[in-house]
Amino acid sequence: MAEEKSLNFLEEIVENDLREGKHQTILTRFPPEPNGYLHIGHAKSICLNFGLALKYGGKTNLRFDDTNPVTEETEYVESIKNDIEWLGFRWANEFYASDYFEQLYEFAVKLIRKGLAYVDDSTSEAIAQQKGTPTQPGTNSPFRNRSVEENLQLFADMRAGKYSDGTKVLRAKVELPNGQSGMAHPNMHMRDPIIYRIKHAHHHRTGDAWCIYPMYDFAHGQSDSIEKITHSICTLEFVPHRALYDWFIENLEIYPSRQYEFARLNLTYTVMSKRKLLQLVNENHVSGWDDPRMPTLSGVRRRGYTPESLRDFCDRIGVAKRDNLIDVGLLEFCVREHLNKVALRRMVVFDPVKVVITNYPEGKTEMVSSENNPEDESTGVREIPFSRELYIEQEDFLENPPKKYFRLAPGQLVRLKSAYIIKCESVVKDANGNVTELHCTYIPESRSGSDTSGINVKGTLHWVSVAHAVKAEVRLYDRLFKVEDVADAEGDFKDHLNPDSLKVQTVFAEPDLLKAKADIRYQFMRKGYFVLDPDTTADRLVFNRTVTLRDMWSKSSKT
RNA sequence: UGUCCGAUGGUGUAAUGGUAGCACAGAAGAUUUUGGUUCUUUUAGUCAGGGUUCGAAUCCUUGUCGGACAACCA
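Residues numbered from 1 in each chain as written. Chains lettered and ligands numbered in written order. Predicted model: local features only at pLDDT ≥ 70, side-chain atom pairs only at ≥ 80, totals over all residues. Heavy atoms only, no water.

(A) Molecular detail of the protein's contact with RNA strand B. Near RNA strand B there are 63 residues, and of these Glu 12, Arg 345, Ser 448, Gln 523 and Lys 555 occur at the shortest range. Close to the protein, within 4 Å, the atoms of RNA strand B are drawn from sugar and phosphate at a rate of 60%. Asn 68 places a polar side-chain atom, nitrogen or oxygen, 3.2 Å from a sugar or linking oxygen of RNA strand B. (Near = heavy atom within 4 Å. Polar contact = N/O pair within 3.5 Å; in protein donor to acceptor, adjacent residues only side chain to side chain.)

Following this line, the structure appears as structure tokens:
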């Protein structure tokens with residue numbers, strides 16, 4: 001019997017609605033504004049909206065919330081669609097809030113007719129003034145009591161382009177239950193909110209057809225309603241908007257979509273706001289939106305994260321209404337877990353020291369075979385050239401090793417992965433005392449697969465044959481920020497950038513990596529998971545480190 | 001000083017009046033031709049006070065703490 005996973009609060013709501021017959025099926029939507037790139041926080045929302053529909057046999061629309069022409073561009077539309085598909089989801093319909101401009105306009109007219117909206121000539125400063133503060137009630141606009149006819153005419157004139165930007169707006173006219181002006185509403189959003197503003201701007205889809213555009217509050221809920229979205233799921237900062245959301249639906253007498261809010265994702269050692277990410281890009285702290293250190297979907301994709309691991313992550317973090325700060329270690333766990341199963345093992349030496357096997361014939365090369373992935377036999381084996389001169393990692397040799405050091409040391413034995421057991425006989429140093437070569441002997445009968453030596457060694461090292469080594473560039477990434485909770489840290493968030501978040505080095509790889517492909521994941525044995533970067537050219541291989549391997553040794557040896 | 005939302009191990013997330021569980025992280029051990037993987041074991045929690053109840057993480061109440069809200073942004 002499979003253990004049943006408990007439901008999150010949204011699943012409970014949906015199951016209740018279905019059980020009580022409130023809905024026969026559910027319809028959700030993912031509503032990005034095309035003014036930036038998607039990040040992991042959006043992935044949580046995408047997995048939630050699409051996941052809920054998938055789980056309960058419903059559908060999900062992709063709807064671009066494109067009501068502000070000055071910040072929105074088609075370029076973003078394309079990247080957003082690409083990211084959602086990459087994550088593995090398919091939308092039922094591709095819609096745009098701008099598809100509904102005409103209908104939204106009619107909704108506004110209806111509100112005016114009902115005496116629930118008015119054209120206001122106040123300046124934006126005056127309107128801000130009228131709003132009051134969270135602790136003080138607002139005051140009425142002097143234009144609040146214009147007649148329906150005048151408002152109708154003025155609003156039509158706004159649409160017709162008779163007024164310049166900022167000179168007039170359409171405002172909802174909210175009344176309190178006791179008949180008093182809504183400007184005294186305890187919820188700031190209910191204090192006669194602006195619902196249409198004049199912007200003589202070119203829209204990415206409607207072009208110059210409009211010079212008035214609806215505000216978010218007058219577009220989102222109505223768009224949900226038009227599409228008959230059953231569950232409109234958004235983040236916590238929209239909680240105070242819900243009263244308005246419902247107010248419009250009620251007064252417009254349209255399909256009652258319902259809004260539900262969950263806590264957005266926060267991750268340690270990074271930032272998750274479009275504004276801050278944009279700043280990192282514009283000020284060249286990163287190479288672009290797809291810099292592998294960025295939490296954008298394009299960034300983590302380039303970094304080598306898989307859609308599977310991201311979906312798993314979103315599944316594990318859960319959904320609730322309390323603020324949270326997820327340990328980025330959980331994300332790393334998810335990607336390691338997936339990559340461990342699919343990545344092909346390869347050997348790459350990062351900081352080489354030469355090993356000369358003194359009893360191995362000069363000029364001889366033999367091929368040893370090694371499994372591509374011990375987790376998946378179907379991936380088969382590959383051949384690796386072995387010869388007299390090899391590179392191993394500098395850190396795999398210590399002249400004076402501590403007690404539980406399983407690697408190479410004078411007189412000590414180690415296994416070279418998929419090849420022979422060797423013994424360190426002597427150390428060659430330069431004038432400065434730096435180790436330049438290790439002279440070793442190998443045990444011929446210890447060959448991998450036909451080992452008759454009877455010797456058991458504790459350590460196994462990766463290596464590459466000097467004569468056959470292929471040079472490559474690796475880009476090693478670390479956390480973008482030095483502090484766990486960047487948003488909570490003192491001062492400007494950029495003060496906390498990690499200066500060592502990127503290290504580039506040239507490494508020596510086994511020749512098979514010449515055949516590396518962008519869609520194949522690799523584990524450089526004992527070093528981490530890597531993926532080919534698009535910067536790769538015909539004569540330069542470039543790899544991004546997705547994540548390191550879990551490393552108990554460095555952890556315990558540090559203390 | 002207002003309204004709204006929230007508070008469970010280090011981090012997340014369950015338990016819906018009846019044994020506080022799971023995952024990550026941490027620790028210990030076993031296996032291992034990756035100090036990886038895998039497998040055992042293990043540390044650690046209900047914000048505080050009062051109340052209702054046979055019984056409270058859960059209900060009531062007061063308080064404390066955290067967050068959101070005053071863009072012609074979404």
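(B) A look at helix α12 (residues 328-342). Between its first and last C-alpha, α12 extends 22 Å over 15 residues, near the 21 Å set by a 1.5 Å rise per residue. Within the sequence span of α12, burial applies to Val 328, Leu 331, Glu 332, Cys 334, Val 335, Arg 336, His 338 and Leu 339. Packing partners of the buried residues in α12 comprise α2 (40-55), α11 (307-317), β10 (344-346), β24 (528-532) and β25 (541-547). At the N-terminal boundary of α12, the capping side chain belongs to Asp 327, with an oxygen 2.8 Å from the backbone nitrogen of Gly 329. (Helix = DSSP H or I, 4+ residues; strand = E, 2+ residues; numbered from the N terminus. Expected span 1.5 Å × (residues − 1). Buried < 20%, exposed > 50% of the residue type's maximum accessible area, 1.4 Å probe, protein only. Contact = heavy atoms within 4.5 Å.)

(C) View of the packing of α2 against α11. Remark: α2 packs on α11, axes separated minimally by 9 Å, with the N-to-C direction vectors making an angle of 75 degrees. Classed by the angle they form, the pair α2 and α11 counts as roughly perpendicular. Note on element contacts: α11 touches α2 through Arg 311, Phe 313, Cys 314 and Ile 317, opposite Ile 40, Ala 43, Lys 44 and Cys 47. Counted by class, the contact of α2 with α11 contains 6 nonpolar, no polar and 2 charged residues. (Axes fitted to C-alpha atoms, helices over the stretch in contact; angles between N-to-C directions. Parallel < 35°, antiparallel > 145°, perpendicular 65-115°, else oblique. Nonpolar A, V, L, I, M, F, W, Y, C, P; charged D, E, K, R; others polar.)

(D) The arrangement of a negative patch on the surface in detail. Judged by side-chain charge, Asp 327, Glu 484, Asp 485, Asp 488 and Glu 490 come together as a negatively charged surface patch. For Asp 488, a relative accessible area of 60% translates into the label exposed. (Patch = residues over 30% accessible without salt bridge, like charges linked within 9 Å, V, L, I, M, F, W, Y side chains within 5 Å. Areas by Shrake-Rupley, 256 points an atom, 1.4 Å probe, with all protein chains shown as cover. Salt bridge = Lys/Arg side-chain N within 4 Å of Asp/Glu carboxyl O. Lys, Arg positive; Asp, Glu negative; His and termini not counted. Charge placed at Lys NZ, Arg CZ, Asp CG, Glu CD.)

(E) Broad picture of unusual backbone geometry. One non-glycine residue, Tyr 269, lies in the positive phi region at around 65 degrees. By the secondary structure assignment, Tyr 269 is in the loop between β9 (258-262) and α9 (274-282). A positive phi is found at Arg 526, a non-glycine position, where the angle reads about 65 degrees. Among the structural elements, Arg 526 can be located in the loop between β23 (522-524) and β24.

(F) Structural detail: the sheet that holds strand β11 (residues 348-349). The strand order β10-β23-β24-β25-β21-β22-β11 describes an open sheet built from 7 strands, whose pairing is mixed. What marks the edges here is a single partner per strand, and that holds for β10 and β11. α12 rests against β10, β24 and β25 of the sheet, and its axis sits at about 125 degrees to β25. (Pairing = 2+ DSSP bridges.)

(G) Highlighting the nonpolar core. With 37 residues, the main nonpolar core has Ile 40, Ile 46, Ile 84, Leu 267, Leu 310, Phe 313 and Leu 331 as its most contacted residues. Counting only elements with at least two residues in this core, the list comes to α2, β2 (59-64), α3 (74-87), α10 (297-303), α11 and α12. In this structure, Phe 101, Val 119, Val 174 and Leu 252 belong to the second largest nonpolar core, which totals 36 residues. (Core = buried A, V, L, I, M, F, W, Y, C linked by side-chain atoms within 4.5 Å.)

(H) View of α3. Here α3 contains 14 residues, and its C-alpha end-to-end distance of 20 Å stays within 8% of the 20 Å for a straight helix at 1.5 Å per residue. Within the sequence span of α3, burial applies to Tyr 76, Val 77, Ser 79, Ile 80, Lys 81, Asp 83, Ile 84, Trp 86 and Leu 87. On the buried face of α3, the contacting elements are β1 (27-30), α2, β2, β3 (94-96), α10 and α11. Among the residues trailing α3, Gly 88 stands out with phi positive, at a value near 105 degrees.

(I) A look at the environment of Leu 310. Tracing the sequence through the fold places Leu 310 in helix α11. Taking the relative accessible area as the measure of exposure, Leu 310 reaches 1% and is therefore buried. Counting along the chain gives 25 residues from Leu 310 to Val 335, while the straight-line C-alpha distance between them is 7.4 Å.

(J) Quick look at the environment of Thr 139. Structurally, Thr 139 can be placed in the loop between α5 (124-131) and α6 (148-159). Judged by its relative accessible area of 47%, Thr 139 falls in the partly exposed class. What Thr 139 contacts, discounting residues up to four positions off in sequence, is Gln 130 and Met 183.

(K) How the structure looks around the pattern of salt bridges. According to the stated counting rule, one finds 45 salt bridges in the structure shown. When the shortest N-O distance is used, the salt bridge between Glu 389 and Lys 354 registers 3.4 Å. Here the residue Glu 389 occupies a position in strand β15 (residues 389-393), and Lys 354 occupies one in strand β12 (residues 352-357), the gap between them amounting to 35 residues. According to the relative accessible area criterion, Lys 354 is partly exposed, its value standing at 23%. With its nearest N and O atoms 3.2 Å apart, the salt bridge here joins Asp 512 to Lys 515. Salt bridges sharing partners connect three or more residues here, namely Asp 290, Arg 302, Glu 473, Arg 475, Asp 533, Asp 535 and Arg 540.

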